[in-house]
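Structural overview
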Amino acid sequence: MITVHHLNLSRSHRVLWVLEELGLPYEVKLYERNPKTMLAPPELKAVHPLGKSPVITDGALVLAESGAILEYLVERHGPLLAPAPGTAGRERYLYWLHYAEGSLMPPLFIKLLFDRIESAPVPFFVKPVTRKIANQGRDSWAYPQLKRNLEWIESELATRPWFAGDAFSAADIQMSYPLEAARRRVGLDAYPSVAKILDRMKERPAFQRAQERGGTFGIPG
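Residues numbered from 1 in each chain as written. Predicted model: local features only at pLDDT ≥ 70, side-chain atom pairs only at ≥ 80, totals over all residues. Heavy atoms only, no water.

**Some points on the side chain of histidine 6**
The residue histidine 6 is located in strand S1 (residues 2–7) in this model. Within the structure, the side chain of histidine 6 is placed 2.5 Å from the side chain of serine 12, a separation counted as a polar contact. Among the polar contacts listed, one links the side chain of histidine 6 to the backbone oxygen of glycine 214, at a separation of 2.8 Å. (Helix = DSSP H or I, 4+ residues; strand = E, 2+ residues; numbered from the N terminus. Polar contact = N/O pair within 3.5 Å; in protein donor to acceptor, adjacent residues only side chain to side chain.)

Quick look at the structure:
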């Protein structure tokens with residue numbers, strides 16, 4: 001039996017979702033973030049040394065990283081969630097599966113970091129300095145990077161209904177988390193195709209079943 005070590009408001013929702021799409025039996029062990037720091041609890045370190053989620057256990061296997069977990073599950077149980085090897089769709093599938101964390105999440109994280117710098121409690125005479133640092137960081141790096149990435153995604157989605165092609169795949173599941181982060185942190189009004197695919201993802205019955213098992217889909221910060 002597969003066990004998902006699931007942290008609320010985290011990337012591990014994607015693991016629950018792919019398991020629901022595949023119709024596989026699984027157990028959920030739920031961990032709650034510290035409400036003050038929003039960090040994962042120390043109990044997760046007993047599962048994996050980095051103490052982060054998602055992590056799955058499958059027999060003797062302990063596997064972390066959402067992209068690796070999705071590839072493992074699809075390869076073993078769900079070929080219909082990936083285009084066939086040797087096709088153009090397969091190349092796009094692999095690209096988006098790794099782009100989500102490799103290219104899109106870093107500027108979203110940096111934007112969140114600067115937001116927290118600005119809102120951090122500091123003496124009043126230091127506040128103008130931290131606000132200036134945050135504004136400069138967002139304006140000079142985070143926002144331009146996010147604009148470039150979201151424009152790229154928008155142009156790609158204008159040519160097909162899903163990230164890998166005509167069929168829904170695990171690449172769409174992997175992209176759901178950074179797209180939700182983008183909606184929350186910068187907004188998607190200028191990117192209608194991005195907003196549309198995110199809404200369509202949430203309409204899938206397996207997505208909704210994953211929420212029932214693991215709690216509301218969302219992001220911290």
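**Concerning the pairing of strand S2 (residues 26–31)**
The pairing of S1 with S2 spans six bridges and is parallel. Residue pairing across strands places threonine 3 opposite glutamate 27, the latter belonging to S2. You can see the chain leave S1, run along helix H1 (residues 13–22) and come back into S2, and the turn it takes is right-handed. (Pairing = 2+ DSSP bridges. Right-handed = clockwise from strand over helix to strand, strands pointing away.)

**Details of the packing of H1 against helix H7 (residues 205–214)**
Between H1 and H7, the shortest axis-to-axis distance is 8 Å and the interhelical angle comes to 125°. Between H1 and H7, the angle is such that the two are oblique. Seen from above, H1 lies across H7 with right-handed handedness. Residues His13, Leu16, Trp17, Glu20 and Glu21 of H1 lie in contact with H7, whose contacting residues are Ala206, Phe207, Arg209, Ala210, Gln211, Arg213 and Gly214. Grouping the constituent residues of the contact of H1 with H7 by class yields five nonpolar, three polar and four charged. (Axes fitted to C-alpha atoms, helices over the stretch in contact; angles between N-to-C directions. Parallel < 35°, antiparallel > 145°, perpendicular 65-115°, else oblique. Left-handed = near helix turned anticlockwise from the far one by under 90°. Contact = heavy atoms within 4.5 Å. Nonpolar A, V, L, I, M, F, W, Y, C, P; charged D, E, K, R; others polar.)

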